[in-house]
Amino acid sequence: MMGTLLDVENLWVKFPSRNGVFDAVRGVSFTLGRERLGIVGESGSGKSMTGRAILRLIRPPGIVEAAQISLDGVDLMKLSEKDMRAVRGQKISMVMQDPKFSLNPVMTIGDQIIEAYRLHNSATKAQAYKKSLEMLEAVSIRDPERVMRAYPHEMSGGMGQRIMIAMMLIPNPEILIADEPTSALDVSVQRQVLDIMDKLVKERGMGLIFISHDLNLVADFCDRVLIMYAGRIVEVCEADKLHEAQHPYTRGLLNSLPRLDMPRDRLAVLQRDPEWSVAPSVSARL
Amino acid sequence: MAETQTLRQWLLTDTPSSRRHAKLSAIYQGWLSFRSNTMAMIGLWILILLVLVAFAAPLIAPHDPFVQSLGNRLAPLGTEGHVLGTDSLGRDILSRLIYGARITLYIVALVALIAPVAGLLVGTVAGYVGGWTDTVLMRITDIFLAFPRLVLALAFVAALGAGIENAVLAISLTAWPPYARIARAETLTIRSSDYISAIKLQGAGPLRIITKHIWPLCISSLIVRVTLDMAGIILAAAGLGFLGLGAQPPSPEWGAMISEGRRFILDHWWVATMPGLAIFTVSLAFNLLGDGLRDVLDPKAGE
Amino acid sequence: MVGRPKCERPVVNMLEIDNLNVWFGKHRDRVDAVKGASFTVGQGESFGLVGESGSGKSTILRAITGLAPLWSGGMIVDGQPLDHRRKRAFFKTVQMVFQDPYASLHPRHSVDQVLGETLHLHGFSDIDARVVKLLDDVGLGQKFRFRYPHQLSGGQRQRVAIARALAPEPHLLLLDEPTSALDVSVQAEILNLLVDLRASRGLTYLMVSHDLSVVGHMCDRLAVMKDGEIVEVLAVDALRAMKASHPYSKHLLEASL
């Protein structure tokens, strides 16, 4: 791994409620290099909150606290909201689960990409159009001219997600945060979208944070994996060694999956140990 | 264990032990979230005060609201025995306002009973049954919606004759179409949801589905809408009263009081202003309450 | 504990689908969701329908239950041919569990109300005792009886939905992606519950899923669907042995390994 892009230290996300403060993320620390870092966990494990907290996208009354979230030596926690806006998109981009909610339904896809491009670069309309076509080609969209004229509802889920990725890549960010980018897609399309993301990350030397609930997918796709439970990191491991993971939670998750090559009468049920949620978070800083 | 529990813990439990317990607990949690909204609480207190005043009118009113005293007419604010002054016939304005609260509550309660229920009925049936029923019911709704409310109410009162009951009827007849629209829109989203499909798979008929499954979900947004509309209803009633088509003299209806005071507004401003302030306060209270209720009842917000 | 039924084809058919077409909309807007689907599910068998989104697999379930009213072809349930109206008695034979437990429970009805109303509709009189029994059967127990859906986790909600489907004591259970909205550890619990219930009650399952490994775990035979058509019907053992013959089934199999 060449150099550290992002260094997160002791990150907390708190939500005050009537019954006291709820900690969604509890003291998570990790670094991101030019690699594919997977964050896996079940719903409520705080994995999405971690991704959003990096971009300071937690809405009030939620509170983000961290010793530091430094990007190229700049602590994002100390930036003003205005400077933060420049970071979002320019340096760190985010792809969400469902493209339908991220695209403007009343603008053609072409207009949206061109607008996004011209927001970040000073270019004439013609230049922006040409660049947009290139971007769509880069995410393996055939017939990009037709897609440029289309509206989001005319696109399938896989197409929509590829368009979102294309838009996120326009400002040439250093880090891409993908929050369950393929969970809404069919398996065969999933593969294509992942391949595209993989190719772009490699070619551009970006850092990728890949948030997912799917252990096998992450094991397959990422370099390093953080396993989260109840707002903490319980285990960090190399992705290709995920199946040799030690923590009982990770083991339990792996065992509870039905497998075609290993038929069983009953699936192993995960026994949750209250210890897991009080044990301190494992640091994934290098 | 049950002994060591406080009532509050019992109400806030996540594991209710009986039907009644579950209901009470749900109500209490709604109350807690309502209580945290200060403005809504102010609205609620004003309305509680209004109800108390209306009930206890004979006890707290310093004078008979109908007794005239022509020697003491148009007395200014703070006159001995008449805190808010007297009107053109020498009647005590404060007493008239207190008795007027009864009329206002009467109008509000009747309209709140008639209009939303009619709207709910029309809207849910149109939304659930669909097809021709929907088209016919909604076009009728559109016709009602196309008229300005006060003009339509005027026409009704003119046809039915002036008087408070007819005013209520006229206001209700003009107030239901927006409720029907809301109820229909909600029904359309609820109709296609899985839990309606699920109850259909138990063989439930349309009547049961509409009354037991769709109504409970529509009612909360209607309640919110009604409280927010209350201000408008009070104003419409006052408007009819002002035009002489609502409550008839000598009844101390607030709108009619403004109408009477209008002639003296330049020299004796309080005669028209005091009932105006009363209308303003109660309307505001309903609006504040409605806002608070929306936070508690709207299933889309929160969670 | 009854052993897991083996893959032999039973003699009696619980469900026969013959050249089923299902469509939505009329005239120019008509969309054909299912085209000429035919398959049979034997009594006590567990049959899977596999395909990607839009392949029409859930639509078949909706046609059987009458939720998709526009269809042609033949459907026979438990020896009774279906017409376009479903009587209440039909729902004593066939019940369905929906995909999203967050959407399939009425937000203002407690567990007690949901189960009580279902039992009432099917004409049971000993409702209290049955609600208790149902909750025990799906592994929830008494303390969940008076809770509202927002007081339940996803897995608990799905258990309530399963209890509701079991209430009329049906023979055929239609499962529409019953675990796709749940976490994997919860999925394991629900799948185990479904396996146990089928064994103890002798149920027949028709299960829709996009996840081949889930269908592989739960079913004896499966049909692969693509664009509204069934491209292949095969036994799960053949699937495990990678003996799918249609190129699309092979493609799906490769993608899910």
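Residue and element names in this part refer to chain B. This prediction gives chain B a mean pLDDT of 85; 96% of its residues lie at or above 70. Across chain B, helix H6 (residues 131-146) holds the top mean pLDDT of 92, while helix H1 (residues 7-12) sits lowest at 78. A low-confidence stretch, residues 299-303 stays under pLDDT 50, and its non-local contacts, those more than four residues away or across chains, total four contacts. Our summary of model confidence lists the complex with pTM equal to 0.84 and ipTM equal to 0.86.

A separate point is the packing of helix H5 (residues 93-129) of chain B against helix H12 (residues 270-297) of chain B. Residue and element names in this part refer to chain B. Direction vectors running N to C along H5 and H12 enclose 40°, while the axes themselves pass 11 Å from each other. Between H5 and H12, the interaxial angle falls into the category oblique. Crossing angle aside, the handedness with which H5 passes H12 is right-handed. Facing H5, whose interface residues are Ile93, Leu97 and Val108, H12 presents Trp270, Val271, Met274, Pro275, Ala278 and Phe286. Residues belonging to the contact of H5 with H12 are distributed by class as follows: nine nonpolar, no polar and no charged.

Moving on, we come to the pairing of strand E3 (residues 36-40) of chain A. All names here are of chain A. The element E3 is largely enclosed, with a buried count of five among its five residues. Residues Arg36, Gly38 and Val40 line one face of E3 and the alternating positions Leu37 and Ile39 line the opposite face, and both faces are buried. Bridge count for E3 against strand E9 (residues 207-212) is five bridges, and the pairing is parallel. By the bridge assignment, Ile39 is partnered in E9 with Ile211. Examined bridge by bridge, E3 and strand E10 (residues 224-229) share four bridges and lie parallel to one another. The residue bridging Leu37 from the neighbouring strand is Arg224, located in E10.

Let us now look at the interface of chain A and chain C. Contacts between chain A and chain C engage 20 residues on the former and 26 residues on the latter. Interface area for chain A against chain C, summed over the two sides, is near 2,100 Å², with a carbon-plus-sulfur share of 56%. At the boundary of chain A with chain C, the tally comes to one salt bridge. Between Asp196(C) and Arg266(A) there is a salt bridge whose closest N-O contact spans 2.6 Å. By residue class, the composition of the side of chain A that touches chain C is 10 nonpolar, three polar and seven charged.

Attention now goes to the interface of chain B and chain C. The interface of chain B with chain C comprises 29 residues on the first partner and 32 residues on the second. Of all residues in chain B, Asp194(B), Leu201(B) and Gln202(B) bury the most surface against chain C, accounting for 28% of the area lost on that side. The tally of links from chain B across to chain C stands at one salt bridge. Between Arg208(B) and Glu117(C) there is a salt bridge, and its shortest N-O distance comes to 2.6 Å. Where chain B touches chain C, the interface holds 10 residue pairs in polar contact (both at pLDDT 80 or more). Those elements that provide at least two residues to the side of chain B that touches chain C are helix H2 (19-35), helix H9 (194-200) and helix H10 (206-242) of chain B. Its residues assigned to classes, the side of chain B that touches chain C comprises 12 nonpolar, nine polar and eight charged.

It is possible for side chains bearing opposite charge to pair when their charged atoms get close. Residues and elements named next belong to chain A. Applying the stated criterion across every chain, the model contains 36 salt bridges over all chains. The salt bridge involving Arg36 is made with Asp198; its shortest N-O contact spans 2.5 Å. Of this pair, Arg36 sits in strand E3 while Asp198 sits in helix H8 (residues 187-204), and the two are 162 residues apart along the sequence. One exposure class covers both Arg36 and Asp198, and it is buried. Across the pair Lys131 and Glu134 runs a salt bridge, and its minimum N-O distance is 3.6 Å. One end of the pair is Lys131 and the other is Glu134, both in helix H5 (residues 125-138) and three residues apart, which spans about a single turn. One connected set of salt bridges, linked through shared partners, spans Arg36, Asp198, Lys202 and Asp223.

Once that is clear, we can look at the nonpolar core. Residues Ile93(B), Leu97(B) and Trp254(B) are the most contacted members of the largest nonpolar core, which totals 69 residues. Among the elements of the structure, helix H3 (38-55), H5, helix H7 (149-160), helix H8 (164-191), H9, H10, helix H11 (254-261) and H12 of chain B are those that each provide at least two residues to this core. The dominant element in this core, judged by the number of residues it contributes, is H10(B), at 15 residues. Apart from the residues lying within four places of it in its own chain, the contact partners of Leu97(B) are Leu84(B), Trp254(B), Met257(B), Met274(B), Pro275(B) and Ala278(B). In terms of nonpolar packing, the next biggest core, distinct from the first, is built from 62 residues, Ala116(A), Ala123(A), Met206(A) and Ile227(A) among them.

Time to look at the sheet that holds strand E1 (residues 13-24) of chain C. Residues and elements named next belong to chain C. Spatially, four strands are ordered E2-E1-E4-E5 in an open sheet, and the strand pairing comes out antiparallel. Only two strands of the sheet have a single partner each, and these edge strands are strand E2 (31-42) and strand E5 (80-81). Direction of pairing for strand E4 (residues 71-77) relative to E5: antiparallel, over a ladder of two bridges. The partner of Ile76 across the bridge, within E5, is Pro81.

The rules behind these values
- Per chain, residue numbering runs from 1 following the sequence as it is written.
- Chain letters and ligand numbers both follow the written order, the letters beginning at A and the numbers at 1.
- Reporting in this predicted model follows two pLDDT cut-offs: at least 70 for local features of residues, and 80 or more for side-chain atom pairs to be given and counted; totals over whole chains, interfaces and linings ignore these cut-offs and use all residues.
- Water and hydrogen atoms were dropped before computing side-chain values, which therefore reflect all heavy atoms in the structure.
- Each residue carries a pLDDT value, the predictor's own confidence for that position, ranging from 0 to 100.
- In this description a helix means any DSSP run of H or I spanning at least four residues, a strand means any run of E spanning at least two, and both kinds are numbered starting from the N terminus.
- In what follows, a contact means two residues having at least one pair of non-hydrogen atoms within 4.5 Å.
- Between N-to-C directions, angles span 0 to 180 degrees; the directions come from axes that are lines fitted to C-alpha atoms, helices contributing only their stretch in contact.
- The labels follow the angle: roughly parallel below 35 degrees, roughly antiparallel above 145, roughly perpendicular from 65 to 115, and oblique for the rest.
- Note: crossing handedness is left-handed where the near helix turns anticlockwise from the far helix by less than a right angle, and right-handed where it turns clockwise.
- When residues are grouped by polarity, Ala, Val, Leu, Ile, Met, Phe, Trp, Tyr, Cys and Pro land in nonpolar, Asp, Glu, Lys and Arg in charged, and all others, Gly among them, in polar.
- The classification of residues rests on relative accessible area computed with a 1.4 Å probe and restricted to protein chains. Under 20% of the type maximum is buried, over 50% is exposed, and intermediate values are partly exposed.
- Should DSSP find at least two bridges between two strands, the strands are taken to pair.
- Accessible area that two parts lose when put together, evaluated with a 1.4 Å probe and summed over both, is termed the buried area.
- Salt bridges are identified by distance alone: a Lys or Arg side-chain nitrogen within 4 Å of an Asp or Glu carboxyl oxygen.
- Two N or O atoms form a polar contact when they lie within 3.5 Å of each other; inside protein one atom must be a possible hydrogen donor and the other a possible acceptor, and for residues adjacent in sequence the pair counts only when both atoms belong to side chains.
- Here, nonpolar core means buried Ala, Val, Leu, Ile, Met, Phe, Trp, Tyr and Cys residues that are tied together by side-chain atoms lying within 4.5 Å of each other.

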